[in-house]
Amino acid sequence: MLSLKNIVKDYAVGDDAVHALRGVSIDFRKSEFVSILGQSGCGKTTLLNIIGGLDKYTSGDLIINGKSTKEYKDRDWDTYRNHSIGFVFQSYNLIPHQTVLSNVELALTLSGVSKSQRRARAIDALTKVGLADQLHKKPNQMSGGQMQRVAIARALVNDPDILLADEPTGALDSETSVAIMEILKEISKDKLIVMVTHNPELAEKYSSRIIRLLDGQVISDSKPYEISEEDSKRLEEEAKKAKKVKKTSMSFLTALSLSLNNLMTKKGRTFLTSFAGSIGIIGIALILSLSNGVQAYIDRVQEETLSSYPLQIDRQTVDYSDMFTSTGSSSENVVEREDGKIYSNDVMYGMMNTMMSQVIINNLKDFKTFLEDENDGIGEYVSDIQYKYETPLNLYRADTSNGLIKVNPTTLFEDMYAAMGIDFSMSDSANSMYSGMMSSMGVFGMMLDNDELLESQYDIVAGRMPTEYNEVVFIVDEENGVTDVALYALGLKDFSEIEKMLDKAMRGEPIEKTEIEQVSFTYEEILGIEFKLMLNSDYFEKQGDLWVDKTEDEVYISSKLADCETIKIVGIVKPSEDAVATSTSGVIGYKSSLMDTLITRVNDSEVVKAQLANPDIDIFTGISFEQQALTEESLNAYLETLPEDQRAEISGYIEMMKQQGMSMDEILKAFESTMTTTSTYEGNLKKLGVADLSNPTSILIYPKDFESKDAIVAKIDSYNDEAGEGNEIVYTDIVGLMMSSVTTIINAISYILIAFVGISLVVSSIMIGIITYISVLERTKEIGILRAIGASKKDISRVFNAETLIVGFCAGAIGIGVTLLLNIPINMIVVHLTDINGLAKLPPLGGVILVLISMLLTFIAGLLPSRVAAKKDPVIALRSE
C-alpha cells in the first residue's frame, strides 16, 4: 500500500524556488484505478515521478507498505522502481535498437531472472496485450497503439504493485485510446494504477477514483481513502519482518548486448571510429612485427655465430688482455718533451715482458666438474659444451684397393712437400705451418650435441643424422659442393693429379684450370663410404718384453685395419637457407661420443696398461726413465733381463770389443745410445694417445646468445672468486663484443618509434572518448528509460563502458588484421632486398596484448562520458528527444 504524507517538492530556478507540490497527502488502496487531473504545470507529472521514485521529494514522506522512504539511498530507489513500479509513458519510451521482446525482457534482466524464465514471462505479457505475433519487430516497425501495448507489457512483466501511466493515450487516436484504457481497467482489478491525464471523459469513464490538483495541492478527491491506524501498524510490522529485496544489477553481458545493438544501428560510424582508433595499433603492431622479426633474426645470428665462435678455455693459455693493454702509451717515467720533435714510446718492452710472464695453466679438471654440476646454473645459457683431448682421431679409408689412405689427420700437405722433395719433418717452420693449415682446413669436425640447433642449421639432403658414435655425416655447401682439397684428403680424387701439377709448377710451366678434372658423386656413392678407426695404441706391437712402434709400417697397418671399428657415412647435409652460420668445421661431422669411445678404448689397451703398470720403465726400450748414464753395473743388470740367446749374443759382442783393445768406457759409450732413454713417462702416455676424460686439454662453451655469453662470463667470474688466487680460469672470447650492441640499438629504435606512434594511439583514444560522449547525448532518453525500470547509476555507466570496450576491441582487431595483411608485402620486399625470410612477424601474444591495450585505452577514454551518463537526471532524460 502506498501513502504520501505532506509531500513538498521545490525546484531551484536561479535564485528563486518553484513550488511544484505543496504538502500533498494521499493514501492509495492496494488496487484501484486513480486518475489525476489538473491544468498543465499543476504538479501532476511531478507527483507521478515522486511516486515512481524518479524524483525525490523536498520534505514529507512517501510510505511504501508501511516503510518510510526518508532514509532511502539511490540503490533502494532503483530496487523499488524495478520490483514495485511499472511505467507507461505518453511517448512509449521504447529503446529503438532493441526488439519488442528485448524491450520487455529488460526489466527482468535487471531483476536477475534466468534467461528461459524471463523469455517465457515476456512472451506471456505480450500475449496479454495482444502482441504475441510481434515479438521480433523493432519499435519503428509498429503503430502507436502497438508501441503503447509494448510499453504496458514492459510495465507488467515484473509483476509490480503499482502501474504509473503518464498520458498513456495522449499520442493515440480515439479508437486506440479506448483499447488501451480497457487494458488498464482490467489491470486495475489486481493492481494500483495511477494515471495522469488531460482527458476528463476517459478519467470519468474508466477510473475508480479521480484526484484533482491545482498549484501543487489536492483540491478534490472523488473517493478518498485513509489508512487506519491498525492497518498502518500491521504494515509496519510486516515491513520489519519482510525479507530484504535483492538489489537490481545489470549483468555485463546485458550491457554488452545493449551497446552492441546500439552500435549496429550506426555501422558506418562504428567502423570509421574503430578504424581511426586502429591507426595507432597498426603503427605499433608493424613496429612490433619488424622488431620481433629483426630480434628473432639477431637471436638466430647470435646463436649460429656463437656456435662457430665459442668461449675457449685451454689448459695452457696467455692472458692477452694485459698484452693489449701494454700497447697503449705509457705515462710512467715520461721525460719532458720538446715541441718540434717526435719521441718513441716503450711498448715492445711491455709486450715482451707480458708474453713471457702471462702464460697461465688452467685447472680444467676442476672446472669441468663445475660445468657438469647441475646446480651451477650454467646449463640454461649454453647450446653445448665440447671437451677437446690430445688423443688423435686416426681414420683410414676402409677401401684399400688404391692403397692405404689416411684421411684424418690428413697427410695431404705432407705428401705434397714430399712430392717436391722437401723433408717436411726437418723444418720446424714447416711443421708449424702444417699444423695451422690442418686446423683451418681439417676434413673431420666434431658436431654439437644439440639436435635442435643442428636441425635449424642444416637440411638433410640424403640419409639421416648420425645417432651412434660410429656414424658420421658428409657436409656440402649450399650448392651441393665440396672443396677439392677435402676430396683429395678423403681419397675421392687421385693424388697423382696434384703430383702432375707440382711437377709442372717446379718446371715453371703454367697450370691450366682445364687440367683439373671436375668430378661428381651420387648420393649413394657418398653414403657407401666407410672409414676405419685405428687407435693410437694399435700402432704398437709387442715383441718379447718390448713394444715396437709400427707407425711407418704400412703392411702392419693394413693388416691391423681389418679388425678396427668401422665408421660409416649415414647422411649428407647442407646449410639450410635461413642459416647464418654453421657449427661444424670440416666436411665430415662426427658425434662427441666417438671421441669418448676412442679415449676409453685407448686407455683400456694392452700397451697402455703395460706402461701404466711400469711407470719407471720405458716400455719401448726396457730402460728406466731415471737412467741417464750407462755404467758397467747397469749394463750387466740389463743383460740379466734379456732372453738367454740374446744375452749370449750381446756378451759375445762385448768380449769381441775387448779383444779389439777397447776400454770399458769405450764399450759403455758404444752401448749408451741404445740403452739410455730421453723419453719420459708422461711423454710415452701422450705418444700412446692416453687421455683423462675428466681432464680435457680444451673446453669450448657455446652460448645461446650474447646475453647468455655475458651470464656465462659472470658464472666464470663467480667461479674464479671462489677458486681463489692461482686457480682462476682464463678464457679466450673469439667473438668478443661483436654484435652485442645490436640488440640494444634495435630495442632503442623500437621504443622510440612506439613512443611516437603511441601518441597517435592516445589521440585516437581521446577521439573515441568524444564519440562516446556524443553517444551519451544521443542515448539520453534510453538512459532515462533504463533508470525508470530500475537500472542503477553503475548499470548506466556499465552500458557505456561496454560500448567503449567493444569499440576498443574492434579497433584492436582491425589494427591486427591490417598489420597481418601488410606484413605479407613487407616480407616480400624484405626478401627481395635482403634474402631474409619472414622478417616482419607479429608475435601472437603481442597481438593479443595490443588488442587489450586498445580496449584499455578506449575504456579509460570512455570513463568520463560514462560517468556523465550515470549522473543524468532520469526525469530530464525522459523528456529529451
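Just so it is clear, the structure is predicted and the values come from calculations on it, not from any experiment.

Quick notes on the rules
- Residues numbered from 1 in each chain as written.
- Predicted model: local features only at pLDDT ≥ 70, side-chain atom pairs only at ≥ 80, totals over all residues.
- Heavy atoms only, no water.
- Phe/Tyr/Trp six-rings, centres within 6.5 Å; stacked < 30°, edge-to-face > 60°.
- Helix = DSSP H or I, 4+ residues; strand = E, 2+ residues; numbered from the N terminus.
- Buried < 20%, exposed > 50% of the residue type's maximum accessible area, 1.4 Å probe, protein only.
- pLDDT = per-residue confidence, 0-100.
- Contact = heavy atoms within 4.5 Å.
- Pairing = 2+ DSSP bridges.
- Axes fitted to C-alpha atoms, helices over the stretch in contact; angles between N-to-C directions.
- Expected span 1.5 Å × (residues − 1).
- Parallel < 35°, antiparallel > 145°, perpendicular 65-115°, else oblique.
- Left-handed = near helix turned anticlockwise from the far one by under 90°.
- Nonpolar A, V, L, I, M, F, W, Y, C, P; charged D, E, K, R; others polar.

1. With respect to the packing of aromatic side chains
Note on aromatic pairs: each is described by the distance of the centres and the angle between the planes.
And step 1. Summed over all chains, the structure comprises nine aromatic pairs.
And step 2. Centroid distance Phe271 to Phe275: 6.2 Å. Interplanar angle 20 degrees. Geometry classified as stacked. In this pair, Phe271 and Phe275 are both assigned in helix 10 (residues 267–306), four residues apart and thus about one turn of the helix distant.
And step 3. Judged by relative accessible area, which is 48%, Phe271 ranks as partly exposed.
And step 4. Relative accessible area serves as the criterion here: at 36%, Phe275 is assigned to the partly exposed category.

2. Quick word on the confidence of the model for the protein chain
And step 1. A residue-level look at the protein chain finds 87% of positions with pLDDT of 70 or above and a mean pLDDT of 82.
And step 2. Note that pLDDT drops below 50 for residues 323–331; the model gives that stretch eleven contacts with residues more than four away or on any other chain.
And step 3. Contacts from residues 426–440, a stretch scored under 50 in pLDDT, to residues over four places away or in other chains number twelve contacts.

3. Thoughts on the sheet that holds strand 7 (residues 162–166)
And step 1. The six strands are arranged 6-7-8-3-9-10 in an open sheet whose pairing can be described as mixed. The sheet is open, and its two borders are formed by strand 6 (85–89) and strand 10 (217–221), each paired with just one other strand. Each strand axis lies, on average, 20 degrees off the axis of its neighbour in the sheet, ignoring direction.
And step 2. Inspection of the sheet shows strand 3 (residues 32–37) paired to strand 8 (residues 192–196) by five bridges, in the parallel sense. Note on strand 8: the bridge partner recorded for Phe33 is Ile193.
And step 3. On the sheet, helix 6 (residues 174–187) packs against strand 3, strand 7 and strand 8 and is oriented at approximately 145 degrees with respect to strand 8.

4. Considering helix 9 (residues 252–264)
Side chains of residues three or four places apart in an α-helix project in the same direction, reflecting 3.6 residues per turn.
And step 1. Helix length check: helix 9, at 13 residues, gives a terminal C-alpha distance of 18 Å against a target of 18 Å (1.5 Å per residue), a fit within 8%.
And step 2. Three or more residues of helix 9 are buried, namely Thr254, Ala255, Leu258, Ser259, Asn262 and Leu263.

5. What about the packing of helix 5 (residues 144–156) against helix 6?
And step 1. For the pair helix 5 and helix 6, interaxial distance at closest approach is 10 Å and the crossing angle is 15 degrees. The orientation of helix 5 with respect to helix 6, classified from their angle, is roughly parallel. For the element pair helix 5 and helix 6, the recorded crossing hand is right-handed. Between helix 5 and helix 6, the contacting residues are Gly145, Gln148, Arg149, Ile152 and Leu156 on the first element and Thr176, Ala179, Ile180, Ile183, Leu184 and Ile187 on the second.
And step 2. Classifying every residue of the contact of helix 5 with helix 6 gives seven nonpolar, three polar and one charged.

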